[in-house]
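Report on the structure
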Amino acid sequence: MAVAEPYTMLLASLPHLPAPGSVKQLPISRLQLKNRLKWLAPEDQRRLHAMDIALHWAHLSVDLDDAQMLQRAQGALEQIGSAFLFPLVLERLEMRTFAAALRRRRRNQPPRPDEPWGVGRFVRQIETHFHEPAFGLGHLYPWIAQAHQHLQDNEPMALENLLIMESWKQLNRVDDRHGFGFDAVALYTLRWEILHRYIHRDTEKALAHFDTLVSHALDASPVSLEALT
């Protein structure tokens, strides 16, 4: 097996992941995926865990304040060690930052000066254009105005579906022709997570999730790879 493509057998064992809405059952279960991920080399398992921490802040101690949580998440992001994965994970964090800003605006709680509250390239843009429908970024991210409207109309399922589909679209925009290495495995797990979230959503969960979105500036809603049991 070529060193540059160490996970050919692993990736060949993983079934195709269809788009959300096209199936009602995952083609591979949590336990099956977890067992496949044991084939990763120890260093790549650590990198996958770093990606998991960057995206899923539930792993961080409850004793941390927002500034510490952001610092830990950003540190984990830097440990991913992949020029391909870094912008994908960053874009997911920025999407969460937009959602946090929408929730803050719904509660009329703009970020305080120098308050650590978001991640990515658009934090200052959001702060400067806080009261604009899409923070002055509607030409780049049309979904922000839609998410704002769903929040205003108390439509948790519509909001959940929108965020899931936008997350899927983000990953679909990347070039899949990057061999059979760690990047391909990590991309698969990101897509699996989104599909799992879509299939297992329901009205009751969406309402609970909606309450969380409204109550907290930042949340850990995506399924954690660490919790695959």
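Before reading further, recall that the structure is shown in the block above.
Read on for a plain summary of the structure. (Residues numbered from 1 in each chain as written. Predicted model: local features only at pLDDT ≥ 70, side-chain atom pairs only at ≥ 80, totals over all residues. Heavy atoms only, no water.)

1. Some points on the overall build of the chain
Counting its secondary structure elements, the chain contains ten helices and zero strands. Its helices and strands taken in sequence order, the chain reads α-α-α-α-α-α-α-α-α-α from the N to the C terminus. Counting all 229 residues of the chain, 49% fall into the buried class. Taking contacts inside the chain between residues at least 6 apart in sequence as the whole, the part at least 24 apart equals 72%. For the chain, the accessible area works out to roughly 11,600 Å², and carbon and sulfur atoms hold 52% of it. (Helix = DSSP H or I, 4+ residues; strand = E, 2+ residues; numbered from the N terminus. Buried < 20%, exposed > 50% of the residue type's maximum accessible area, 1.4 Å probe, protein only. Contact = heavy atoms within 4.5 Å. Areas by Shrake-Rupley, 256 points an atom, 1.4 Å probe, with all protein chains shown as cover.)

2. Focus on the side chain of H150
For H150, the position within the fold is in helix α7 (residues 143–152). Setting aside residues up to four positions removed in sequence, H150 forms contacts with E155, A158, L159 and L162.

3. Looking at the nonpolar core
Ranked by internal contacts, the top residues of the largest apolar core, which has 41 residues, are M51 and V89. Of all the secondary-structure elements, those providing two or more residues to this core are α1 (8–12), α2 (30–37), α3 (42–55), α4 (66–78), α5 (85–106), α8 (156–172) and α9 (182–199). For this core, the element with the highest residue contribution is α9, accounting for twelve residues. Those residues in contact with V89 that sit more than four places away from it in its chain are M51, A54, L55, L77 and I80. (Core = buried A, V, L, I, M, F, W, Y, C linked by side-chain atoms within 4.5 Å.)

4. Here's the deal with the pattern of salt bridges
Counting across every chain of the model gives ten salt bridges. For the salt bridge of R92 with E193, the shortest nitrogen-to-oxygen distance reads 2.7 Å. Here R92, found in helix α5, pairs with E193, found in helix α9; they are 101 residues apart in sequence, far enough to count as distant. Salt-bridge contacts for E127 lead to R124; the nearest nitrogen and oxygen are separated by 3.0 Å. Residue E127 and its partner R124 are located together in helix α6 (residues 123–128), separated by three residues, close to a single helical turn. Assessed through its relative accessible area of 56%, R124 is described here as exposed. Bridged by salt links that share partners, the residues R104, R112 and E115 form one connected network. (Salt bridge = Lys/Arg side-chain N within 4 Å of Asp/Glu carboxyl O.)

5. Brief notes about the packing of aromatic side chains
The full count for this structure, using the stated rule, is five aromatic pairs. Considering the side-chain rings of F98 and Y141, the 5.3 Å spacing of their centres and the 50° angle between planes classify their relative orientation as tilted. Of the two residues, F98 is situated in helix α5 and Y141 in the loop between α6 and α7; the sequence distance between them amounts to 43 residues. Like F98, the residue Y141 is buried in the burial classification. Through a chain of ring-to-ring contacts, the aromatic side chains of F98, F122, Y141 and W143 assemble into a single cluster. (Phe/Tyr/Trp six-rings, centres within 6.5 Å; stacked < 30°, edge-to-face > 60°.)

6. Things to note about unusual backbone geometry
The phi dihedral of D114 is positive, around 65°, even though this residue is not glycine. Note on D114: relative accessible area 80%, which makes it exposed.

Limitation: the analysis is restricted to geometry and does not speak to function.
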